[in-house]
Amino acid sequence: ETLLRYKRWLHSPYVSNYNTVIGGALGLAALCLEGEMPHDWVQAAIDRADEYVAVWAGAHLDPEGSYDEGPMYAGWSVRNLAYYFWARSRFYDRYDYSTLPGLRDLEKWLAFSTLPIGHAAMNNVNDSSYLGHGLSHYHTYLDWAQIAYGSGVSAWLWERIVGPDYGYDAGVLADKPGTVLWHQGVSPVNPRDRLPRHMLWRRQGLYYYRTGWP
């Protein structure tokens, strides 16, 4: 019965950000126990972690970059996965999860979802209603993208989501370790210099038009 409680997240309609919680934790646990339990157990755990990630990505991460559950949950999901992705690429088999379809373009969707009023305000589409500054809690992607892609757009977004001048400080709820690990001081690049003024995400049926980014 306990096993079924976990395996159900691999099947519709349960596939959600919970997959990233289970997959990220399982993958990290396996990497931490390498050398302390049989290698085939480690590999089996990693294979199952990857299954959770693959099912989640297929269901919610649009290859064009949008995220079905909303910007806050996109940030929450990557917060759960980035540490596993990083450890996996550095300490196990060098597998690079930054190539996951849609993950590189997630910053485009986050850029279009960021509201001009600043202070981490986001366009709340299919998102949680109880956090007014959700991405300031879960900004891990914006840190990790700087080292994974050398992304100036993500650096610009970081300044407007959690930076001291334009962002919102979520305090102890923010991902401070992620900033320490991955914030590289990449020069910010205003999205207007990299992105078109309008984009259509067909899978979600979303069309955004921006007059610019402040």
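Above this note sits the structure.
Source: prediction; values computed, not measured.

Opposite charge on two side chains allows them to pair when their charged atoms are near. Applying the stated criterion across every chain yields a total of eight salt bridges. Here Glu51 and Arg48 are joined by a salt bridge, their closest N and O atoms 2.9 Å apart. Of the two residues, Glu51 and Arg48 both sit in helix α3 (residues 39-60), three residues apart, roughly one turn of that helix. By relative accessible area, Glu51 is classed as partly exposed at 35%. In the salt-bridge network here, residues are joined through shared partners; they are Asp50, Arg88 and Asp93.

Before going further, it helps to examine helix α2 (residues 18-32). With 15 residues, α2 should reach 21 Å at 1.5 Å per residue; the first-to-last C-alpha distance of 21 Å fits that figure. Within α2, burial applies to Asn19, Thr20, Ile22, Gly23, Gly24, Gly27, Ala30 and Leu31.

Next up on the list: the packing of aromatic side chains. Considering all chains together, one arrives at 17 aromatic pairs under this definition. On the basis of an interplanar angle of 50° and a centroid distance of 6.2 Å, the ring pair of Tyr84 and Phe85 is categorised as tilted. An angle of 5° between the planes, with centres 6.3 Å apart, marks the rings of Phe112 and Tyr208 as stacked. Placement of Phe112 in helix α5 (residues 106-113) and of Tyr208 in strand β2 (residues 206-209) is noted, with a sequence separation of 96 residues between them.

Thresholds, definitions, all that
Residues numbered from 1 in each chain as written. Predicted model: local features only at pLDDT ≥ 70, side-chain atom pairs only at ≥ 80, totals over all residues. Heavy atoms only, no water. Salt bridge = Lys/Arg side-chain N within 4 Å of Asp/Glu carboxyl O. Helix = DSSP H or I, 4+ residues; strand = E, 2+ residues; numbered from the N terminus. Buried < 20%, exposed > 50% of the residue type's maximum accessible area, 1.4 Å probe, protein only. Expected span 1.5 Å × (residues − 1). Phe/Tyr/Trp six-rings, centres within 6.5 Å; stacked < 30°, edge-to-face > 60°.

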